[in-house]
Number of protein chains: 2
Amino acid sequence: MTTDIQTLMTDLGRRARAAARVMALAPTAAKDQALRAAAAALRTDAPLIIAANAKDMRAGEAKGLTKALLDRLMLNPARIEAMAKGLEDIAALPDPVGRTLAGWTRPNGLAIARVAVPLGVIGIIYESRPNVTADAAGLCLKSGNAAILRGGSESFHSSRAIMAALSAAIAAAGLPVDAVQMVPTTDREAVGAMLRLSEYIDVIVPRGGKSLVARVVEESRIPLFQHLEGICHTYVDAAADLEMAKAVVLNAKMRRTGVCGATETLLVDRACADTHLKPLVSMLIDAGCEVRGDHAAQQADCRALPAVEADWSTEYLDSVISVKVVDGVRAAVDHVNAYGSHHTEAIITEEAKAAEAFLNGCDSAIVLWNASTQFADGGEFGMGAEIGISTGKMHARGPVGVEQLCTFKYVVKGAGQVRPG
Amino acid sequence: MTTDIQTLMTDLGRRARAAARVMALAPTAAKDQALRAAAAALRTDAPLIIAANAKDMRAGEAKGLTKALLDRLMLNPARIEAMAKGLEDIAALPDPVGRTLAGWTRPNGLAIARVAVPLGVIGIIYESRPNVTADAAGLCLKSGNAAILRGGSESFHSSRAIMAALSAAIAAAGLPVDAVQMVPTTDREAVGAMLRLSEYIDVIVPRGGKSLVARVVEESRIPLFQHLEGICHTYVDAAADLEMAKAVVLNAKMRRTGVCGATETLLVDRACADTHLKPLVSMLIDAGCEVRGDHAAQQADCRALPAVEADWSTEYLDSVISVKVVDGVRAAVDHVNAYGSHHTEAIITEEAKAAEAFLNGCDSAIVLWNASTQFADGGEFGMGAEIGISTGKMHARGPVGVEQLCTFKYVVKGAGQVRPG
């Protein structure tokens, strides 16, 4: 069995590599045509996709999946329309391939350009959100990459029905049908085999919960675009406007508590604790948020619970926040760098110097001044759709959109130059 | 013993991380002052460094190191002056940190900027070239990173003497002395321990022979900037000017045969084999190069030897070249992508369409039109010194200079924006 799976995955990899060579040279028009045709095919195939999804839903219910998981798995006409619209939005983005990122001429006349090219083959490993099948395939197509998709076993039939629509559209646009492939088995060994295909896969994007990402980080021999956690902080400085601080903190924590850009820890400058701490803590509790605070935060509102050491490094993904008073911006930066996950941090202040110290000092992918951490999103950044958010420092940091799915090559034009010496 | 080494390396890593936080915020003037002071210290300490090197040389001779290795190891006043000059050249480069790489404003007024920041901690693992100690330290300092250097055991005393000069200069400039640390043991276990320090080291640069790089690739849990091999190709197209082709091919192969940008395989278009093949093959043999050719190349000059399959994927690093006739530019691209190492490839042609097909089709870090593959070098690219050349696709591709030792962060400035919906 193991050998069979490895053979199957190697074959998938080899075909993806061959398709990637064609995709790297594919004209913009063909890629956009495939994306628009895929959107149309999703709409046409909606009844088939919903029927396949019903099969997954019945199996999921029988298996006792939680309500939240079943909701993620469920497809209906509105969700299929959102997928189709997503593909059309990707088609409307500028082609990231072929952009000249930098160019200069050497004294010897050599003209050097850094030109954007696709990464090659992208592997996406995700859980049971069938829409990722369409989103990830669309982003890879647009950026001239080939994709190997490995979705959760619970959404296998849904993803297969979506794939059928995508494949037909890709072929109709004259592009290689192997440009987007789905792992045709739910065997868990296929994930391990995929993580060893370093010859054929250039980057892996794990999308899912912490345990999935942790497994991929542990096993992968292939570079990853990933974030394990989003332990995001909002720091309210002594020079913060209280009303702005309240509005931003409430949004940063409570707009959606389950997203990676949600604030998990509120830091308040000791110099304004007297005036700012109580209004912030009480506002959060009034909004239904559990506050786990240090001594000062507990004093500020008797409904606050005590924080323990583990709270400072916990991603709640829920209506819970940890609150701490710190001695100014330097202490805030130290706390963020010690306990955070290098994702997204915000400072609220009217003072440019404090902002600069915070923005420069935090070793995180995204740092904000007077805005909500919930803006950590490729769409909100104006990058179009994103395949994920990276907290790594290599290559892609922050939202990973079509530009980040490209690398570059140096193209050097000469007139017969040889190197002396 | 193992535990001691791991403890030692973890301590080194922790101190490097702390120093990196300071270095990331260090003013340009302090970094440049440290680099110039280090150059001065190398000159002042030259007698001490040469005495330490003599110790290494005696041990190397006793150990029976090859003449080539002893030559790499040897330091003299000219080589120390070259190291000092190298540091001054790095000081004269623009500061890569803090550059705004991109910036835009969103409809809601958020101002988003992508700003260059240091990677953090760079680990450099190298063999017995003591000059790497100064070069690598200089590049890391300039780019605001901390460095952990692990040189070859044969150059231990030389590197330690160079480090003493660097450390004094770093301290005198008011920068943390832990910004550049040297692994204080020649125990081979220290390399393994270093490759597991993913919490403290952001990227590893292995510099050395294939066996060193292969070991690092196999063991590292940390991203790498590396190239295993430079199997570089020059393709002479039907539309090549013969005289240019001869000059470029001779330089690409023979200028220096031991560098990674040296051409290892010459591909000649069948359409010009009648006119171009014999002059090229005979010229190479006349210049003292062994030619291992396919049937046509052997026919062109009876001194040519037969190539076997392994020749197409061999990096000779010597006066040896493999020569093959191919059916035009597409076949040349297929050969390069199948047998090459994604490093550097050149096409010689007067025809823009053929050049475009080759430049776009080759999946390599550097592609050249009418110029020698020996230009694959950060200095020749105008990037100043390089810490190495990367054939990976992630983050840095081609020469790795001070800009490539940076990553970026998104700095977002708002006026209290919260995310709707």
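All figures in this text were calculated on a predicted structure; none of them were measured in a lab.

1. Some thoughts on the relation of the copies chain A and chain B
- Relative to chain B, chain A is turned by 180 degrees and slid 0.0 Å along the rotation axis, the superposed coordinates differing by an RMSD of 0.0 Å. Each copy turns onto its partner about a two-fold axis. Looking at the rotation axis and the C-alpha trace of chain A, the residue lying nearest is H395 of chain A, at 1.8 Å.
- The overlap is high: 100% of the interface residues of chain A also sit at the interface in chain B, so the same surface is used on both sides.

2. Considering the domain arrangement of chain A
- The domain boundaries assigned to chain A delineate domain 1 (2–225 + 399–411) and domain 2 (232–375).
- For domain 1 of chain A and domain 2 of chain A, the distance between their C-alpha centroids amounts to 36 Å.

3. What about the interface of chain A and chain B?
- Contact with chain A, which involves 52 residues of that partner, is made by 52 residues of chain B.
- Going through the elements one at a time, α10 (242–254), α14 (352–361), β13 (366–371) and β16 (406–417) of chain A are the ones with two or more residues in the side of chain A that touches chain B.
- The element contributing the most residues to the side of chain A that touches chain B is β16 of chain A, with 11 residues.
- Of the residues assigned to the side of chain A that touches chain B, the class counts are 26 nonpolar, 16 polar and 10 charged.
- For β13 of chain A and strand β16 (residues 406–417) of chain B, the ladder comprises 5 bridges, and the chain directions are parallel. When the bridges of β16 of chain B are listed, I366 of chain A appears paired with Y410 of chain B.

4. Some words on the confidence of the model for chain A
- For chain A, the average pLDDT comes to 93, and 100% of its residues sit at 70 or higher.
- For this predicted complex, the interface score ipTM comes out at 0.85, while the overall pTM is 0.87.

5. A short note on the packing of helix α3 (residues 46–63) of chain A against helix α7 (residues 156–172) of chain A
Residues and elements named next belong to chain A.
- The interhelical angle for the contact between α3 and α7, taken along N-to-C directions, is 165 degrees, at an axis separation of 7 Å. Judged by the angle between their axes, α3 and α7 are roughly antiparallel. Relative to α7, α3 is oriented so that their crossing is right-handed. Contacts between α3 and α7 pair L48, I49, A52, N53, K55 and D56 from the former with F156, H157, S158, R160, A161 and I162 from the latter.

6. Details of the nonpolar core
- The biggest cluster of nonpolar side chains holds 269 residues, and the ones touching the most others in it are A38, L42 and F358 of chain A together with A38, L42 and F358 of chain B.
- Once you skip the residues sitting within four places of it in the chain, F358 of chain A turns out to touch Y235, V329, A332, V333, I347 and V367 of chain A.

7. Considerations on the sheet that holds β16 of chain A
- Pairing is mixed in the open sheet, where 10 strands are placed in the order β1(A)-β2(A)-β16(A)-β13(B)-β12(B)-β7(B)-β8(B)-β11(B)-β9(B)-β10(B). With partners counted over all chains shown, the strands left at the sheet margins are β1 (100–105) of chain A together with β10 (305–306) of chain B, one partner each.
- Where β1 of chain A and strand β2 (residues 111–118) of chain A come together, 5 bridges link them in antiparallel fashion. Bridge pairing in β2 of chain A links T105 of chain A to A111 of chain A.
- The strands touched by helix α13 (residues 328–339) of chain B are β7 (232–236), β8 (263–269), β11 (320–326) and β12 (344–348) of chain B; relative to β11 of chain B, the strand with the most contacts, the crossing angle is about 135 degrees.

8. Structural notes on the sheet that holds strand β10 (residues 305–306) of chain A
- Within the open sheet, the 10 strands sit side by side as β10(A)-β9(A)-β11(A)-β8(A)-β7(A)-β12(A)-β13(A)-β16(B)-β2(B)-β1(B). Their pairing is mixed. Each edge of the sheet is formed by a strand with only one pairing partner; in this case those strands are β10 of chain A together with β1 (100–105) of chain B.
- Those strands touched by helix α13 (residues 328–339) of chain A are β7 (232–236), β8 (263–269), β11 (320–326) and β12 (344–348) of chain A, and its axis lies near 140 degrees from that of β11 of chain A.

9. Considering the environment of P399 of chain A
All names here are of chain A.
- Here P399 is to be found in strand β15 (residues 398–400).
- Residues P399 and R58 lie 341 residues apart in sequence; the distance between their C-alpha atoms is 35 Å.
- Setting aside residues up to four positions removed in sequence, P399 forms contacts with D377, G378, F381, M383, E386 and I389.

Rules of the game
- Residues numbered from 1 in each chain as written.
- Chains lettered and ligands numbered in written order.
- Predicted model: local features only at pLDDT ≥ 70, side-chain atom pairs only at ≥ 80, totals over all residues.
- Least-squares fit on C-alpha atoms with pLDDT ≥ 70 in both.
- Contact = placed C-beta atoms within 7 Å.
- Domains from an automatic or database assignment.
- Helix = DSSP H or I, 4+ residues; strand = E, 2+ residues; numbered from the N terminus.
- Nonpolar A, V, L, I, M, F, W, Y, C, P; charged D, E, K, R; others polar.
- Pairing = 2+ DSSP bridges.
- pLDDT = per-residue confidence, 0-100.
- Axes fitted to C-alpha atoms, helices over the stretch in contact; angles between N-to-C directions.
- Parallel < 35°, antiparallel > 145°, perpendicular 65-115°, else oblique.
- Left-handed = near helix turned anticlockwise from the far one by under 90°.
- Core = buried A, V, L, I, M, F, W, Y, C linked by C-beta atoms within 7 Å.
- Buried ≥ 20, exposed ≤ 12 C-beta atoms within 10 Å, placed from the backbone.

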